[in-house]
Amino acid sequence: MKAQLLPPQLHEYFADSTVTDILVNQSTEVWIERHGILERGNDLQPGQIEIALERILTPLGRRLDRLSPIVDARLPDGTRVCAVIHPIAVHGTTAAFRLFRQEVFALNEFCEDSNQQSLNEVLLELSQSQHNILITGATGSGKTCLVSSLVSDHSGQTSTTSERIIVIEDTHELVISHPHTVRLEARNATAEGRGHVSLDDLLRSALRLRPDRLIVGEVRGLEALTLVQAMNTGHSRCLATMHANSALDGLHRLDLLTMQAAPGWTLQDARHMVDSAIDVVIHMSRQPYGKRSVTQIAKVISSPPAESHPPRLHYIYRQHDS
């Protein structure tokens, strides 16, 4: 990001490759996340963050004022910014910058030291398999980073160069260096309510663009049904992420999202389709000391719809305290 758009205190952190998040509270209080740990940063002067946000958002055609007190935008360098101003933010402007880093981590960096070798072998095997994989976890748990790493092998180079990958995201975050990648990004409606392009719109279009592999940045709406149906009609090696507390909760949430998009379906119908679509669920967690790691890997057991309470997951790996 251009230095002239930012207060000097913030520009220092944008230039620091170890910083992943910059948070501003109450207009002046600054916190940064470095290596997964929050640290107190240098405070801003009153009014600095408001001026910076206006400079940043104006070229994007976005506004942040009393009529539009909340904004969520992606900057040209890939940084995501979410900001809320007074009086919605009671004690003053709050802003969160998620910095975009062009970095792909080795798969073993998502493994705890105690079982790094064996877990790394499982992840490497999954990255080269034909499985459809759902990655679950909380915000900031490393889901997006793991997707990027699974698409690349342990050396950082994409393992299958002949496939055509279509990446669908609400906001551009995934780092993928594959030579045949098509990126589609959703778009919010204008102030007049026009021009909205949803993830479901993008996914439907992607299915007509001859994909060998679909990657969906985050499933959270009507696109769940389209994705599940795509996986059930011959599309393999798909990757998708979802916010959930565990691998099993991720499947349950996908059931509910699928039912919301298909009101005529029963829960049993949705579960059967989801279990047939997803092969493996990987759950990510952020540890208290900041490391983002894999805490659960489970194969999905696809059972006949006649069974009322079939087991859904067979755990390949499960961290003891997960």
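Since this is a predicted model, take the numbers as computed values, not measurements.

(A) View of the overall build of the chain. Looking only at helices and strands, the chain features eight helices and 14 strands. Radius of gyration (C-alpha) of the chain: 21 Å, near the 20 Å computed for a compact globule of 322 residues. For the chain, the spread of C-alpha atoms along the three principal axes comes to 65 × 50 × 40 Å. Counting the 322 residues in the chain, one finds 46% classified as buried. When contacts within the chain are restricted to residue pairs at least 6 apart in sequence, long-range pairs at least 24 apart make up 54% of them. Element-wise, carbon and sulfur atoms account for 51% of the exposed surface of the chain, whose accessible area totals about 15800 Å².

(B) Examining the environment of A106 more closely. Tracing the chain through its elements places A106 in the loop between β6 (94-98) and α3 (116-127). It is 9.0 Å that separates the C-alpha atoms of A106 and L150, two residues lying 44 residues apart in sequence.

(C) Summary view of helix α5 (residues 199-206). Along α5, the positions that sit buried rather than exposed are L199, D200, L202, L203 and A206. The arc that holds the buried residues of α5, viewed along the axis, is 160°, so those residues lie on one side. Looking at the buried side of α5, the elements it contacts are β8 (165-169), β9 (181-185), β10 (213-216) and α6 (223-231).

(D) Structural view of the environment of Q296. Of note, Q296 is situated in strand β13 (residues 292-300). You can call Q296 buried: its relative accessible area is 3%. It is 11 Å that separates the C-alpha atoms of Q296 and L313, two residues lying 17 residues apart in sequence. At a separation of 3.0 Å, a polar atom in the side chain of Q296 contacts the main-chain amide nitrogen of A247.

(E) Broad picture of the side chain of R164. Topologically, R164 is positioned in the loop between α4 (143-151) and β8. Although buried, R164 forms no salt bridge, and the nearest oppositely charged side chain, D212, lies 6.5 Å from it. Within the structure, R164 has its side chain in polar contact with the backbone oxygen of L209 (distance 2.7 Å). Beyond its immediate stretch of four places on either side in the chain, R164 contacts H180, V182, L209, R210, P211, D212 and R213.

Thresholds applied
- Residue indices begin from 1 for each chain and proceed along its sequence in written order.
- Whole-chain, interface and lining totals are the exception, using all residues; otherwise, since this is a predicted model, local features are given only for residues with pLDDT of at least 70 and side-chain atom pairs are given and counted only at 80 or more.
- Processing note: side-chain calculations cover all non-hydrogen atoms of the structure and skip hydrogens and water entirely.
- Put simply, DSSP H or I for four residues or longer makes a helix, DSSP E for two residues or longer makes a strand, and each gets a number counted from the N terminus.
- Taken over C-alpha atoms, the radius of gyration is set against a globule rule of 2.2 Å times the number of residues to the power 0.38.
- Note on classification: 1.4 Å probe, protein chains only; a residue is buried when its accessible area is under 20% of the maximum for its type, exposed when over 50%, partly exposed between these limits.
- Contacts between residues were defined by any pair of non-hydrogen atoms, one from each residue, lying within 4.5 Å.
- Note on areas: Shrake-Rupley, 1.4 Å probe, and residue coverage restricted to the protein chains presented here.
- As used here, the arc is the angular range of directions from the helix axis to the C-beta atoms.
- Throughout this description, a polar contact denotes any pair of N or O atoms lying within 3.5 Å of each other; where both atoms belong to protein, one of them has to be capable of donating a hydrogen while the other can accept it, and for residues adjacent in sequence the pair is counted only when both atoms sit in side chains.
- In this tally, Lys and Arg are treated as positive and Asp and Glu as negative; His is ignored, and so are the chain termini.
- By salt bridge we mean one thing: a side-chain nitrogen of Lys or Arg within 4 Å of a carboxyl oxygen of Asp or Glu.

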